Amino acid sequence: MTDFLRVFSRISPAILAATIVGCASDDPLGPGGGGIEPGDATITTDITASRTFYADTTYTLSGFIKVANNATLTIQPGTKIVGDFD
């Protein structure tokens, strides 16, 4: 595990839940987890499989989302992630 992921995994669960959301079969990242085209993506469900957030995409996290056990969220440097609690 990289140093970044080690530090990231120790962030308070409340903060983590408020800032990270997941992917389902209807999520823009798709069921295969291969990523999406550059631009914008709205994440609405828990992350249950390993995913990568890419720096050329802005991710909007809708609500409280969790990363499930045994799933890894990789966030490239420079990736923009914003929250939407509506």
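None of the values given here were measured: they were computed from a predicted structure. What you see as residue numbers is a count from 1 along each chain, following the sequence as written. With pLDDT at 70 or above as the cut-off, local features in this predicted model cover only qualifying residues; side-chain atom pairs require 80 or more to be listed or tallied, and sums for whole chains, interfaces and linings still use all residues. Each side-chain value is worked out from all heavy atoms of the structure, with water and hydrogens disregarded.

Details of the overall build of the protein chain
Put simply, the rule reads: Numbering of helices and strands runs from the N terminus, with a helix taken as a DSSP run of H or I at least four residues long and a strand as a DSSP run of E at least two residues long. Here the term buried applies to any residue with accessible area under 20% of the maximum for its type, exposed to any over 50%, and partly exposed to those in between, with areas from a 1.4 Å probe on protein chains only. Only heavy atoms enter the contact rule, under which two residues are in contact if any of them lie within 4.5 Å. For accessible areas, the Shrake-Rupley method is used with a probe of radius 1.4 Å. Any residue's cover is judged against the shown protein chains and nothing else.
Along the backbone of the protein chain there are two helices and five strands. Its helices and strands in sequence order give the protein chain the pattern α-α-β-β-β-β-β, from N to C terminus. Counting across all 86 residues of the protein chain, residues that qualify as buried make up 31%. Across the protein chain, every contact between residues at least 6 apart in sequence was considered, and the portion connecting residues at least 24 apart equals 29%. Entry remark: accessible area of the protein chain is about 5100 Å², with carbon and sulfur atoms responsible for 54%.

Points about the sheet that holds strand β3 (residues 57-62)
Counted only if it meets this: At least two bridges found by DSSP between two strands is the condition for calling them paired. Each axis is a line fitted through C-alpha atoms, and for a helix only the stretch in contact is used; angles between axes span 0 to 180 degrees, taken between their N-to-C directions.
In spatial order, the strands read β1-β3-β5; together these three strands make up an open sheet with parallel pairing. Only two strands of the sheet have a single neighbouring strand rather than two, namely β1 (39-43) and β5 (80-84). Each neighbouring strand pair of the sheet contributes to a mean axis angle of 20 degrees, computed without reference to strand direction. In this structure, β3 lies alongside β5, joined through five bridges in parallel fashion. Bridge pairing in β5 places Tyr59 opposite Ile81.

Observations regarding the confidence of the model for the protein chain
The line we're drawing: On a range of 0 to 100, pLDDT expresses the predictor's confidence in each residue.
Confidence in the prediction for the protein chain averages 73 pLDDT; 56% of positions are at 70 or higher. Taking the mean pLDDT of every element in the protein chain, the minimum, 43, falls on helix α2 (residues 13-19) and the maximum, 96, on strand β4 (residues 73-75). For the stretch residues 11-33, pLDDT sits under 50, and the model shows 65 contacts to residues farther than four places along the chain or on other chains.

What about the nonpolar core?
Using the following cut-off: We call a set of buried Ala, Val, Leu, Ile, Met, Phe, Trp, Tyr and Cys residues a nonpolar core when their side-chain atoms join them within 4.5 Å.
The biggest cluster of nonpolar side chains holds nine residues, and these are Ala41, Ile43, Ile47, Phe53, Tyr59, Leu61, Ala71, Leu73 and Ile75. Listed by contribution, the elements that provide at least two residues to this core are β1, β3 and β4.

Notes on unusual backbone geometry
As a rule of thumb, non-glycine residues mostly have phi less than zero, and peptide bonds are mostly trans rather than cis. The backbone of Asn70 shows a phi angle near 70 degrees, a positive value even though the residue is not glycine. As for its placement among the helices and strands, Asn70 is situated in the loop between β3 and β4. Judged by its relative accessible area of 82%, Asn70 is exposed.

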